[in-house]
Amino acid sequence: NATTLPADTKNITVKQLKSGKQKISWDEVKRAGWYRIYLLNNETGEYDYIGKTEKCSYRLDALPSGKYSVKVVSCIKVNKTNYYSEGKIRDFSAK
C-alpha cells in the first residue's frame, strides 16, 4: 500500500572523521521508526545490510581508501508489518 510506505531519506551526507571512520547523516523522515543502512559490495554489485538505527546518523567502521556507495532506507511498522522506502543512495570516498 503506497500510503503506508515511509518517505525516502533526504540530504544524505558523509563526513570523514579523524578516527578514520565515516559518519553518515540524513534528514529525519516523519513516521519512520528506524533506518536500515546498506553498503555497496563492489564485487557483487548488490547493497549489503550493515546495520540499523533509530537516529538520523550512523557511523561506519574505518574503511580502506577508495570509493563507496551507501543506501539509507526509512522503515515503519504498521499492524505488525514492516514497510520500507526504496532508499536513497550517496556515493563517497574514504581516505
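Above this text you will find the structure in question.
Residues numbered from 1 in each chain as written. Predicted model: local features only at pLDDT ≥ 70, side-chain atom pairs only at ≥ 80, totals over all residues. Heavy atoms only, no water.

Draft legend 1. Layout of the nonpolar core. With 15 residues, the main nonpolar core has Ile24, Trp26, Ile37, Leu63, Val72 and Phe92 as its most contacted residues. For this core, the secondary-structure elements that each account for two or more residues are strand S3 (34-40), strand S5 (57-60), strand S6 (66-78) and strand S8 (88-94). Ile24 has contacts with Ile12, Thr13, Val14, Ile37, Cys56, Ser57, Tyr58, Leu60, Val70 and Val72, leaving out every residue within four places of it along the chain. (Core = buried A, V, L, I, M, F, W, Y, C linked by side-chain atoms within 4.5 Å. Buried < 20%, exposed > 50% of the residue type's maximum accessible area, 1.4 Å probe, protein only. Helix = DSSP H or I, 4+ residues; strand = E, 2+ residues; numbered from the N terminus. Contact = heavy atoms within 4.5 Å.)

Draft legend 2. How the structure looks around the state of the cysteines. Tallying each qualifying case throughout the model produces zero disulfides. You can see Cys56 has no disulfide; the closest cysteine sulfur is in Cys75, sitting 12 Å from it. (Disulfide = S-S within 2.5 Å.)

Draft legend 3. Representation of the sheet that holds S5 within the structure. Taken in spatial order, the three strands of this open sheet run S1-S2-S5, and their pairing is antiparallel. Only two strands of the sheet have a single partner each, and these edge strands are strand S1 (13-16) and S5. Averaged over neighbouring strand pairs, the angle between their axes works out to 20° when direction is ignored. Pairing of strand S2 (residues 22-25) with S5, which is carried by four bridges, proceeds in the antiparallel orientation. Across the sheet, residue Ser25 finds its bridge partner in S5, namely Ser57. (Pairing = 2+ DSSP bridges. Axes fitted to C-alpha atoms, helices over the stretch in contact; angles between N-to-C directions.)

Draft legend 4. Representation of the pairing of S2. Here S2 shows a clear split, with Gln22 and Ile24 buried on one side and none of Lys23 and Ser25 buried on the other. The pairing of S1 with S2 spans four bridges and is classified as antiparallel. Bridge pairing in S2 links Gln16 to Gln22. Here S1 hands over to S2 after five residues, with Gly20 in that stretch at a positive phi of 95°.

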